[in-house]
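# Tertiary structure, described
Chain by chain, the residues:
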Amino acid sequence: MSNPINPSNSSSDDVVIVTRTRVACDGGGGALGHPKVWLDMGQDTQVECKYCDRLFKLDPKAADTAH
Ligand SMILES: [Zn+2]
């Protein structure tokens, strides 16, 4: 019944490239799932989810449109 997912190299330091400074994270379900929260980078170009330690990085190419 388990849903196989490609194992990542790290279980706690995933990096997710996003195109917006404001992202929603719910841990992606599974063992690391958590209630959906919104993360705002503000003036920064990255933000870390305190729930699942995922690091969301703003795609440099998308920065221009993130106004
Ligand atoms: Zn998270």
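Read on for an overview of the structure. (Residues numbered from 1 in each chain as written. Predicted model: local features only at pLDDT ≥ 70, side-chain atom pairs only at ≥ 80, totals over all residues.)

What follows deals with the overall build of the protein. In terms of helices and strands, the protein carries 0 helices and 5 strands. For the protein, the sequential pattern of α-helices and β-strands runs β-β-β-β-β. Taking the intrachain contacts of the protein between residues at least 6 apart in sequence as the baseline, contacts between residues at least 24 apart amount to 42%. (Helix = DSSP H or I, 4+ residues; strand = E, 2+ residues; numbered from the N terminus. Contact = placed C-beta atoms within 7 Å.)

Looking now at the environment of Arg22. Locating Arg22 in the fold gives a position in strand E2 (residues 22-25). Residues Arg22 and Phe56, 34 residues apart in the sequence, show an inter-C-alpha distance of 9.6 Å. Ignoring sequence-local partners within four residues, the contact set of Arg22 consists of Trp38 and Asp40.

On to the sheet that holds strand E4 (residues 46-48), then. Read from one edge of the open sheet, 3 strands run E1-E5-E4, paired in mixed fashion. Of all the strands in the sheet, just strand E1 (15-18) and E4 have a single pairing partner and so form its edges. When the angles between neighbouring strand axes are averaged without regard to direction, this sheet yields 20 degrees. Bridge count for E4 against strand E5 (residues 55-58) is 3 bridges, and the pairing is antiparallel. In the sheet register, Val47 faces E5, and the bridge partner there is Phe56. (Pairing = 2+ DSSP bridges. Axes fitted to C-alpha atoms, helices over the stretch in contact; angles between N-to-C directions.)

Mapped onto the fold, Gly42 is located in the loop between strand E3 (37-40) and E4. Each C-alpha atom of the pair Gly42 and Thr21 lies 6.8 Å from the other, and the pair is 21 residues apart in sequence.

This part covers unusual backbone geometry. Positive phi, normally seen in glycine, also occurs at Asp53, with a value near 65 degrees. One can find Asp53 in the loop between E4 and E5. Taking the C-beta count within 10 Å as the criterion, Asp53 has 14 such neighbours and is therefore assigned partly exposed. (Buried ≥ 20, exposed ≤ 12 C-beta atoms within 10 Å, placed from the backbone.)

Before going further, it helps to examine the environment of Asp59. Among the structural elements, Asp59 can be located in the segment after E5. We classify Asp59 as partly exposed; it has 13 C-beta atoms within 10 Å. In this structure the C-alpha to C-alpha distance between Asp59 and Val16, which are 43 residues apart in sequence, comes to 9.4 Å. Not counting residues within four places of it along the chain, the set of residues in contact with Asp59 comprises Ile17, Val18 and Thr19.

This is a description of form; function is not addressed.
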